[in-house]
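Residues per chain, in single letters:
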Amino acid sequence: MLVTSKAEVIATRRMGAFRHLTLVAPQIADIAKPGQFVSAAVGGHASALVGRRTVPISNASPSGTYGGTVEIIVDSDGDAGVRWLAERRAHDEVDLIGPIGRPFPLPSSAVDAVVVGVGASAASLSWLAGQLRDRGCRIDLVLGGTDDRHLVGVVEVRRIVGNVSVVLPSADTSLAQQVAAAVRQLLRTGDASVVYAAGRAPHLAAVAAVAQPFGVVVQCCIDEEMPCGTGLCGSCEVPVQSKSGDRHSIRCCTEGAVLRADRVRWPLYLQDLSGASTVVTS
């Protein structure tokens, strides 16, 4: 169920290159779970109907001093719409739709898990890690970023998870490769039966590839561009296949954003994204 909310910003703080916002949105907070998103109207009243940005929910508190609140982490180095959202201050109002998408499925019993996220896509992983810990799970966590400023929640997550690996790109190795190598090492030396991953498609594809030989389930939260967040625009399609082998596309905002990695046709998806980038930049 999607809820529309006129959400008041009650607190903001800087987190490296990111801005952390807390907004009063009780109806969304009541039902939100890790892995879900909110869609925010950006740019003021003139563009609110056509200009939206969809960002991960980093936490939700159903009750409190101000009623239910949701928290988001926004990249201050993003595009104009994202920067507009990052510039909101206390008492500003933002039109939100949410919670969007399917959340991360939690295990029914305690398991060993690897949790991995890159950049702002990792916003919900502290929240997820806390819920996994409450179920008795042992957690290894990998956080990646293009640089130190683009690492999300390292301090916060270390209060929850004992083993946190921080990954940055090197001169000769991409961030996706570095993240995948860290995940491979944890799977090789541990007993994880599930990987929870949040990121853009190239990072998730790399994680899925290294996890496949170990036979673990990989739950991917795909941080895709979702212009409307409601499924109407059809701009966030992901090519997938069913267990029977049938191939089709789903909308990330309504049938994702959390998907099992073995459902996604990663080569085609990456090819489609590369083609879309070519069209946009030409």
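All values reported here derive from a predicted model rather than from experimental measurement. Here the residue numbers are simple positions, counted from 1 along each chain's written sequence. The predicted nature of this model means local features are confined to residues of pLDDT at least 70 and side-chain atom pairs, given and counted, to a pLDDT of 80 or more, with totals for whole chains, interfaces and linings taken over all residues. The side-chain quantities take in all heavy atoms of the structure and omit both hydrogens and water.

Mind laying out the sheet that holds strand β5 (residues 69-75), listing which residues take part and the relevant values?
Within a beta sheet, neighbouring strands are joined by backbone hydrogen bonds and run either parallel or antiparallel to one another. Two strands form a pair only when DSSP identifies at least two bridges running between them. Under the scheme used here, helices are H or I runs from DSSP no shorter than 4 residues and strands are E runs no shorter than 2 residues, and both carry numbers assigned from the N terminus. A barrel is described by the order of its strands in space; here 6 strands give the closed sequence β1-β2-β5-β4-β3-β6, paired in antiparallel fashion. Taken pair by pair, the neighbouring strands of this sheet meet at an average axis angle of 45 degrees, ignoring direction. Strand direction decides the pairing type here: strand β3 (residues 37-41) and strand β4 (residues 52-61), joined by 5 bridges, are antiparallel. Its bridge partner being in β4, Phe-37 is matched across the sheet by Pro-56. Between N-to-C directions, angles cover 0 to 180 degrees, with each direction set by a line fitted to C-alpha atoms, over the stretch in contact for helices.

Hey, could you go over the packing of aromatic side chains for me, with residue numbers and the actual values?
In this scheme Phe, Tyr and Trp rings, the latter by its six-membered ring, pair at centre separations within 6.5 Å, and the angle between planes marks the pair as stacked below 30 degrees, edge-to-face above 60, and tilted otherwise. Here the structure, examined in full by the defined rule, presents 2 aromatic pairs. Plain terms: the ring middles of Phe-104 and Tyr-196 are 5.5 Å apart, the flat faces sit at 90 degrees to each other, and that makes the pair edge-to-face. Placement of Phe-104 in the loop between β6 (93-100) and β7 (112-118) and of Tyr-196 in strand β10 (residues 194-199) is noted, with a sequence separation of 92 residues between them. Grouping residues by exposure puts Phe-104 and Tyr-196 together as buried. Consider the rings of Trp-266 and Tyr-269, whose centres lie 6.2 Å apart with planes at 40 degrees: the pair is tilted. With a gap of 3 residues between them, Trp-266 and Tyr-269 both fall in helix α8 (residues 266-281), about one helical turn apart. Here Trp-266 and Tyr-269 have matching classes, each one buried. Categorising residues by exposure relies on relative accessible area from a 1.4 Å probe, with only protein chains included: less than 20% of the type maximum marks a residue as buried, more than 50% marks it as exposed, and the intermediate range marks it as partly exposed.

If you had to explain the sheet that holds strand β8 (residues 138-144) to someone new, which residues and values would you point to?
Strand order in the open sheet formed by 6 strands is β9-β8-β7-β10-β11-β14, with mixed pairing between adjacent strands. Pairing within the sheet leaves two strands with one partner each, and these edge strands are β9 (163-167) and β14 (258-260). Taking each pair of neighbouring strands and ignoring which way they run, the sheet shows an average axis angle of 20 degrees. As paired strands, β10 and strand β11 (residues 217-222) are joined by 6 bridges and run parallel to one another. Following the sheet pairing, Val-194 is matched in β11 by Val-217. It only takes one pair of heavy atoms within 4.5 Å for two residues to be counted as in contact. Set on the sheet, helix α3 (residues 125-134) makes contact with β7, β8 and β10; between it and β7 the angle comes to about 175 degrees.

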